[in-house]
Amino acid sequence: MTTASRSTSTAADDAPASEALQDAFDTTRDTLEKAEAHVTSTRFPLNSAFIFTFGALGGMLFGFDTGIISGASPLIESDFGLSVAQTGLITSSVLIGSCAGALSIGSLSDRFGRKKLLIVSAILFLLGSGLCASATGFAMMVGARIVLGLAVGAASALTPAYLAELAPKERRGSLSTLFQLMITFGILLAYASNLGFLHHNLLGFADWRWMLGSALVPAALLLIGGLLLPESPRYLVNKGDVKGAFKTLALIRQDTDQSQVQLELDEIKEVAAHDTKGGVRELFRIARPALVAAVGVMLFQQLVGINSVIYFLPQVFIKGFGFPEANAIWVSVGIGVVNFASTIVATIIMDKFPRKRLLVFGSIVMTVSLAILSILNFVGDVSSMAVPTMALIAFYILGFAVSWGPIGWVLMGEIFPLSVRGIGSSFGSAANWIGNFVVSQFFLMLLSAFGNNVGGPFAIFGVFAALSIPFVIHFVPETRGKSLERIEEEMSAGR
Ligand code: BGC
């Protein structure tokens with residue numbers, strides 16, 4: 001504890017609340033710093049599997065916290081006696097928080113490093129999950145979900161850049177796809193938790209409290225991981241700590257010899273030497289093509305309607321085809337499994353095909369399946385369309401999961417120059433959350449505007465899937481197999 005803060009604490013009795021708060025803040029910071037110093041000085045056998053798995057863990061919380069509410073919200077609604085609009089706000093408040101979290105984290109991560117901020121987001125995850133599980137009413141729940149959103153948004157802007165900066169160029173696609181794999185695993189866990197806790201008021205706590213509280217476990221893991229993980233070598237070079245960068249690179253490239261590591265470091269140093277100071281103005285000045293590509297990819301990733309399926313599938317089948325609630329939940333679980341399994345395929349193929357080709361492939365699969373789905377539901381007898389609709393949605397999910405799902409986040413970590421990578425990722429990630437918010441807000445309204453015919457909203461998403469093809473061809477750079485430094489040089493030459 002600092003001398004200044006110690007003197008405040010001796011006068012704690014009559015200290016104003018702000019000083020007491022400052023004192024609590026200092027104590028927490030000191031404790032964390034000690035814990036961090038302790039774990040980093042202890043020799044843990046860190047290997048790259050550990051580093052990439054824990055590095056991507058923010059994705060699991062992202063998936064879990066956005067997926068869990070579909071099961072928990074009807075229970076909260078009846079427990080707190082909420083209106084439909086209030087329940088809607090509980091769902092969307094996390095998206096509002098995420099947008100704010102994503103926007104605020106970028107410049108901080110360029111200043112303080114990816115690792116420290118990952119720790120901060122883990123603390124926010126813990127706080128948000130704890131508050132959600134213990135919420136006593138509507139206002140507290142909305143506040144807690146916003147805190148959770150801040151954490152989700154922060155993790156979504158930090159993690160892709162962190163993974164991309166640690167990975168070797170030949171495997172960067174697959175390793176960065178771990179983030180999306182964690183997201184889909186988190187969504188699946190959320191569905192499982194919804195099913196597992198439903199109607200089980202264990203130890204006298206309502207089922208929905210367990211559903212929301214179960215996020216504490218991965219949040220704690222993320223905190224432990226954050227303390228153990230190394231700082232990004234590229235960030236260290238940017239801050240002048242070349243020795244530290246070498247140490248980290250040597251740690252994560254244990255299978256390569258030291259001269260290779262030195263070569264990689266030299267390349268990073270050389271490009272970093274020409275880098276500017278960063279900041280928003282620099283982002284618009286030096287990285288406009290990267291910004292257009294990142295924001296566009298992220299908006300399309302949402303406007304193809306993925307979360308109408310991830311968040312609202314049970315409602316689609318209940319409203320559109322008269323499914324009983326219990327069966328509709330299982331449809332979600334099935335789709336969650338297809339999503340997760342297809343993302344495993346994505347991690348395997350990501351470095352084997354050019355990213356742009358995969359994106360176009362995914363767009364075609366989504367456009368075709370959404371078009372057939374819409375035509376069938378408009379011209380056919382809706383009452384017999386449930387099964388073909390389910391199959392086409394599974395096909396659509398597969399198309400998304402091997403392309404736009406992972407590549408959106410992979411590209412965002414790759415295409416910004418080092419000096420503005422944090423802030424650039426913030427903008428890309430915020431665009432994703434805005435797109436997500438728009439789709440989530442309007443989907444159910446659209447569905448009812450089309451008389452609960454699912455063909456209506458899905459036809460609109462199909463149009464966006466088709467439009468994404470020319471966008472990829474004209475605005476997205478190819479990044480597979482290139483070092484981040486080479487991508488930076490190519491992007492600035494084409495500026
Ligand atoms: C998207 C999320 C979506 C998830 C589904 C992610 O890439 O950003 O909004 O819920 O994929 O797998």
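Quantities reported herein were computed from a predicted structural model and do not represent experimental measurements.

Colleague: Quick rundown of the domain arrangement of the chain? Include the residues and the values.
Modeller: Annotation of the chain at the domain level lists domain 1 (48-229 + 275-493) and domain 2 (241-274). Spacing between the C-alpha centres of domain 1 and domain 2 amounts to 32 Å. Between domain 1 and domain 2, the residue contacts involve 13 residues of the former and 10 residues of the latter. Here domain 1 packs against domain 2, burying approximately 940 Å² in sum over the two surfaces, 58% of which is carbon and sulfur. Our count for the contact surface shared by domain 1 and domain 2 stands at zero salt bridges. Considered class by class, the residues forming the side of domain 1 that touches domain 2 number five nonpolar, three polar and five charged.

Colleague: Break down the state of the cysteines for me, with residues and values.
Modeller: The full count for this structure, using the stated rule, is zero disulfides. C99 takes part in no disulfide bond, and the closest cysteine sulfur, belonging to C132, lies 18 Å away. Classification of C132 as buried rests on a relative accessible area of 1%.

Colleague: Can you break down the site of the ligand residue by residue, with the values?
Modeller: Q180, Q301, Q302, N307 and N339 are the nearest of the 13 residues found near the ligand. Q301 places a side-chain nitrogen or oxygen 2.8 Å from an oxygen atom of the ligand. Within the complex, the protein chains bury 100% of what would otherwise be the 310 Å² of accessible surface of the ligand. Given that more than half its atoms are within 2 Å of the pocket grid, the ligand belongs to the largest cavity.

What counts as what
- Residues numbered from 1 in each chain as written.
- Predicted model: local features only at pLDDT ≥ 70, side-chain atom pairs only at ≥ 80, totals over all residues.
- Heavy atoms only, no water.
- Domains from an automatic or database assignment.
- Contact = heavy atoms within 4.5 Å.
- Buried area = accessible area lost by both parts, 1.4 Å probe.
- Salt bridge = Lys/Arg side-chain N within 4 Å of Asp/Glu carboxyl O.
- Nonpolar A, V, L, I, M, F, W, Y, C, P; charged D, E, K, R; others polar.
- Disulfide = S-S within 2.5 Å.
- Buried < 20%, exposed > 50% of the residue type's maximum accessible area, 1.4 Å probe, protein only.
- Near = heavy atom within 4 Å.
- Polar contact = N/O pair within 3.5 Å; in protein donor to acceptor, adjacent residues only side chain to side chain.
- Areas by Shrake-Rupley, 256 points an atom, 1.4 Å probe, with all protein chains shown as cover.
- 1 Å grid on protein atoms, 1.4 Å probe; cavity = no way out; pocket = protein on both sides within 12 Å on 5 of 7 lines; lining within 4 Å.
- Sits in = over half its atoms within 2 Å of the grid points.

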